[in-house]
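Residue strings, one per chain:
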Amino acid sequence: MADPTPPGQPVGVILQLVPIKTNNDAVGPTLVLHEGIHQLGRADDNDFVVAAPGVAQHHCRLEIQGGKVAVHRLDGNAVLSLNGKPVSGKPTSVLSGDRITLGTRVYRIQVVRKTTSGVTSIMHGKAGDATTKMPAVGSEFAGYRLEAILGAGGTAVVFRGVRPDNNTLAAVKVLRAGLNFSGGAAVRFYREAMVGGMLSAHPVAVAILEIGRSDPFTYIAMEYIDGVDCQKILDKHGKIPLKQTLDIILPVADLLRYAHASQLIHRDIKPGNIMVTNTGQVKLLDLGLAREEGRKDTYDLTQPSEGFGTLSFVAPEQAFDAAGVDFRADIYSLGATLFMMLTGRSAIQVDTPADFLKKLVKEGVPNLNTVDPTLPPALCAAVANCLKMDREQRFQRYEDLIRDFKAVRDTLG
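Here the structure is a predicted model, which is why all the values come from computation and not from measurement. (Residues numbered from 1 in each chain as written. Predicted model: local features only at pLDDT ≥ 70, side-chain atom pairs only at ≥ 80, totals over all residues. Heavy atoms only, no water.)

Participant: Describe the packing of helix H3 (residues 242-261) against helix H8 (residues 398-410), listing the residues and the values that go with them.
Facilitator: At a minimum axis distance of 10 Å, the contact between H3 and H8 shows a crossing angle of 165 degrees. When the axis of H3 is compared with that of H8, the two are roughly antiparallel. Crossing geometry of H3 relative to H8 is assigned as left-handed. Along its contact with H3, which presents Lys243, Leu246, Asp247, Ile249, Leu250, Ala253, Asp254, Leu256, Arg257 and His260, the element H8 presents Tyr398, Glu399, Leu401, Ile402, Phe405, Lys406, Val408 and Arg409. When the residues that make up the contact of H3 with H8 are grouped by side-chain class, the tally is 10 nonpolar, one polar and seven charged. (Axes fitted to C-alpha atoms, helices over the stretch in contact; angles between N-to-C directions. Helix = DSSP H or I, 4+ residues; strand = E, 2+ residues; numbered from the N terminus. Parallel < 35°, antiparallel > 145°, perpendicular 65-115°, else oblique. Left-handed = near helix turned anticlockwise from the far one by under 90°. Contact = heavy atoms within 4.5 Å. Nonpolar A, V, L, I, M, F, W, Y, C, P; charged D, E, K, R; others polar.)

Participant: Give me the packing of aromatic side chains: which residues, what numbers.
Facilitator: Under the defined criterion, the tally for this structure stands at two aromatic pairs. Note on Phe141 and Tyr219: the rings are 5.5 Å apart at their centroids and 75 degrees apart in plane angle, and the pair reads as edge-to-face. Of the two residues, Phe141 is situated in strand S12 (residues 140-141) and Tyr219 in strand S17 (residues 217-223); the sequence distance between them amounts to 78 residues. In terms of burial, Phe141 and Tyr219 fall into one category: buried. Ring geometry for Phe327 against Tyr398: centres 5.8 Å apart, planes inclined by 50 degrees, an arrangement best described as tilted. In this pair, Phe327 sits in helix H4 (residues 327-343) while Tyr398 sits in helix H8, placing the two residues 71 residues apart along the sequence. (Phe/Tyr/Trp six-rings, centres within 6.5 Å; stacked < 30°, edge-to-face > 60°. Buried < 20%, exposed > 50% of the residue type's maximum accessible area, 1.4 Å probe, protein only.)

Participant: Talk me through the pairing of strand S13 (residues 144-152); I want residue IDs and the actual numbers.
Facilitator: Bridge count for S12 against S13 is two bridges, and the pairing is antiparallel. Residue pairing in the sheet places Phe141 in a bridge with Tyr144 of S13. Adjacent in sequence and paired antiparallel, S12 and S13 are bridged by two residues, among which Ala142 carries a positive phi angle near 50 degrees. Relative to strand S14 (residues 156-162), S13 is paired through six bridges, and the arrangement is antiparallel. Within S14, the position partnered with Arg145 by the bridge is Val162. In textbook terms, the turn of a hairpin is the stretch between consecutive antiparallel strands, and for S13 and S14 this stretch comprises three residues. (Pairing = 2+ DSSP bridges.)

Participant: Talk me through the packing of helix H7 (residues 377-386) against H8; I want residue IDs and the actual numbers.
Facilitator: When two helices pack together, their arrangement is given by the angle between their axes and by how far apart the axes lie. Their axes nearest at 9 Å, the elements H7 and H8 cross at an angle of 155 degrees. Judged on the interaxial angle alone, H8 and H7 are roughly antiparallel. H8 is crossed by H7, and the crossing has left-handed handedness. Contacts from Ala378, Leu379, Ala382, Val383 and Cys386 in H7 reach Leu401, Asp404, Phe405 and Val408 in H8. When its residues are assigned to classes, the contact of H7 with H8 shows eight nonpolar, no polar and one charged.

Participant: Quick rundown of the sheet that holds strand S20 (residues 274-277)? Include the residues and the values.
Facilitator: The strand order across the open sheet formed by three strands is S18-S20-S21, and the pairing between neighbours is antiparallel. Strands at the two margins of the open sheet, each flanked by one partner only, are strand S18 (227-229) and strand S21 (282-284). Between one strand axis and the next, the sheet turns through 25 degrees on average, direction left out of account. When S18 meets S20, the two strands line up antiparallel, connected through three bridges. In the strand pairing of S20, Asp229 is matched with Met275.

Participant: Please give an account of the nonpolar core that cites residues and values.
Facilitator: Looking at soluble globular proteins, one finds that nonpolar side chains tend to be buried together. Within the largest apolar cluster, 58 residues are counted, with the highest numbers of intra-cluster contacts made by Leu338, Leu379, Leu401 and Phe405. The residues contacting Leu338, other than those within four sequence positions of it, are Thr245, Leu246, Ile249, Leu368, Leu379, Val383 and Phe405. Counting residues in each nonpolar core, the second largest holds 22 residues, with Leu15, Leu82, Val94 and Tyr107 among its members. (Core = buried A, V, L, I, M, F, W, Y, C linked by side-chain atoms within 4.5 Å.)

Participant: Requested: an account of the pattern of salt bridges, with residues and values cited.
Facilitator: Counted according to the given criterion, the structure contains 16 salt bridges. Among the ionic pairs, Lys243 bridges to Asp247, the shortest N-O distance being 3.4 Å. Here Asp247 and Lys243 lie together in helix H3, a separation of four residues that amounts to about one turn. Lys243 sits in the partly exposed class, given a relative accessible area of 37%. (Salt bridge = Lys/Arg side-chain N within 4 Å of Asp/Glu carboxyl O.)

Participant: Please give an account of H3 that cites residues and values.
Facilitator: Over its 20 residues, H3 extends 28 Å from the first C-alpha to the last, a length consistent with the 28 Å expected when each residue adds 1.5 Å. Of all the residues in H3, the buried ones are Leu242, Thr245, Leu246, Ile248, Ile249, Leu250, Val252, Ala253, Leu255, Leu256 and Ala259. The positive-phi residue at the C-terminal boundary of H3 is Gln263, with phi of around 60 degrees. (Expected span 1.5 Å × (residues − 1).)

Participant: Outline H8, listing residues and values.
Facilitator: Compared with an ideal rise of 1.5 Å per residue, which puts 13 residues at 18 Å, H8 spans 18 Å between its outermost C-alpha atoms and is within 8% of the ideal. Tyr398, Asp400, Leu401, Ile402, Phe405, Val408 and Arg409 are the residues of H8 that are buried. On its buried side, H8 packs onto H3, H4 and H7.

Here's what the structure looks like:
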């Protein structure tokens, strides 16, 4: 087929960097850079922030102009290669099919002539002015028509958006202007998109459609979920029936198993982050606290003395050392979530980390059968196994947890 671009006219292209999995390294979604000159690196004064192992503060520059792409290194010590050969400070041409290495991350290059949907743009690092007003409902933003506000918090506003060209619905999460990488909010925003992209193949994960920049706002466009979260179900009904609870928890446990295979941990499992769609599908939300297990240099802001998450659902070790937790903290949180869903009350009801530890040491976590003696003993034992204070005594494999919960579910018909 002939090239539709008129002779002599500059070719508008975008550059896709498709991640290639190396060893056991988890990969993120495809990165997309549009026409222009883009500086990449870890520092928040880059045009695009790449928070990945081995990436220098000011790593490289990619030039996409007139249908051609070139890359050159900015830091003499930066690990940057093209098809296995080091890239110098001079512009080096990039072609489709090339492989480029940024730090420890390897990407396959695709140069395409039109904007594509369903891929993820790397995030722009400059956050704009805090006085800039959010996009308004009814306006066009980043290719989406914003129809309604789905939720709002201190760092972002989530809109229901639709693409006018194909009527695709999306949840468009827009970071408030003025929140920059040095302050942490934008790095967690980036992490949510990157981890979400890693998990998008699992049906319980919320698919990430794209992450990008529409000056001065950074945004994530995600799969639109029409449903209700489990906390709202609890607020309305007090508790959730056993069969329904297990039908919700088992898919979440399988997603956590899938995440653990890529060394990812969620760190914020709770009823409010589990949604049931109008068609009965289960979705796990909010990956803002997620990180790669054992990889503290991978866009992880958690300091050893900080504890994140909702205290009623965090593991004892997470309340005081969120940076040092592993997948067994998610197992605890899953057990605490199940406890809440079945009984309508928290396993541990406290307001501060100090009170959390005191209550655990003095009273321990109550067994489910002391709250509701009608619950199956096998289920109570499995939940108790999740909620052990010592993580070495909890389930050590998701497969065992899923097996025990499924055995109870199978007896219910």
